[in-house]
Amino acid sequence: MNKNLEASRPILPNLAFPKGMSKEESFQNSVIRPVIKMLHDLLAVHFKHYMATKKLEFSQLSEKEKTNFIESSFNKDMAFRSEIRGLVIGHFSTEEFLLYATMQRGINKRINTILKERISSNRQNFVE
């Protein structure tokens, strides 16, 4: 099953793995980024659902308000942050999870940052 998880991920040819890269950065580029790319549609649907639970009409917000809402969602709503991060972590192999567990705090920050950037840069997908 672990090999199936890894094989189902997209290959990101533009990612660099220079010498001296930290373990966290290497994990980010080899595991986190492909998983997040693979889950793009699910993450978008999850964020749309989150907005619906907040009764938010995203299309009616100004660009600044949209940015503030996305920032606030990741910075202040711990339940949302845990849910969306869990979607990513749930796609780790057993070995990847064990490695993640050794540097969990730093990896969680990286996951949150990447997710926030992805949602922010794809905000046009959230207009119904």
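Only a predicted model underlies this, so the values are computations on that prediction, with no experimental measurement involved. (Residues numbered from 1 in each chain as written. Predicted model: local features only at pLDDT ≥ 70, side-chain atom pairs only at ≥ 80, totals over all residues. Heavy atoms only, no water.)

Peer 1: Could you clarify how one ought to interpret the overall build of the chain in this entry?
Peer 2: What the chain contains, in helices and strands, is 7 helices and 0 strands. N-terminal to C-terminal, the α/β element order of the chain is α-α-α-α-α-α-α. Taking all 128 residues of the chain together, the buried fraction comes to 39%. Partitioning the intrachain contacts of the chain with sequence separation of at least 6 by distance along the chain shows that 72% fall at a separation of at least 24. With the model as given, the accessible surface of the chain reaches about 7800 Å², and the carbon-plus-sulfur share is 53%. (Helix = DSSP H or I, 4+ residues; strand = E, 2+ residues; numbered from the N terminus. Buried < 20%, exposed > 50% of the residue type's maximum accessible area, 1.4 Å probe, protein only. Contact = heavy atoms within 4.5 Å. Areas by Shrake-Rupley, 256 points an atom, 1.4 Å probe, with all protein chains shown as cover.)

Peer 1: Explain the packing of aromatic side chains here, please?
Peer 2: Any aromatic ring pair is given by two values, namely how distant the centres are and how the planes are angled relative to each other. Here the structure, examined in full by the defined rule, presents 10 aromatic pairs. Seen from their ring centres, Phe 97 and Tyr 100 are 5.5 Å apart, and the 45° between their planes marks the pair as tilted. You can see Phe 97 and its partner Tyr 100 sitting in helix α6 (residues 94-102), 3 residues apart, about one turn around the helix. Judged by relative accessible area, which is 3%, Tyr 100 ranks as buried. (Phe/Tyr/Trp six-rings, centres within 6.5 Å; stacked < 30°, edge-to-face > 60°.)

Peer 1: I tried to follow helix α7 (residues 104-121) on my own but got confused; where do I start?
Peer 2: Structurally, the α-helix is built with 3.6 residues per turn, so residues lying three or four positions apart point the same way. Counted at 1.5 Å a residue, the expected span for α7 with its 18 residues is 26 Å, and the 25 Å between its end C-alpha atoms agrees. Every buried residue of α7 is listed here: Gly 106, Ile 107, Asn 108, Ile 111, Asn 112, Ile 114, Leu 115, Lys 116 and Ile 119. On its buried face, α7 sits against α2 (23-38), α3 (40-53), α4 (63-76), α5 (78-89) and α6. (Expected span 1.5 Å × (residues − 1).)

Peer 1: Is there a simple way to explain the environment of Val 88 in this structure?
Peer 2: Along the polypeptide, Val 88 turns up in helix α5. Judged by its relative accessible area of 0%, Val 88 is buried. Distance in space between the C-alpha atoms of Val 88 and Ile 111 is 8.1 Å, their sequence separation being 23 residues. Apart from the residues within four sequence positions on either side, Val 88 is in contact with Val 35, Ile 36, Leu 39, Ile 111 and Leu 115.

Everything listed is a geometric property; what it means functionally is a separate question.
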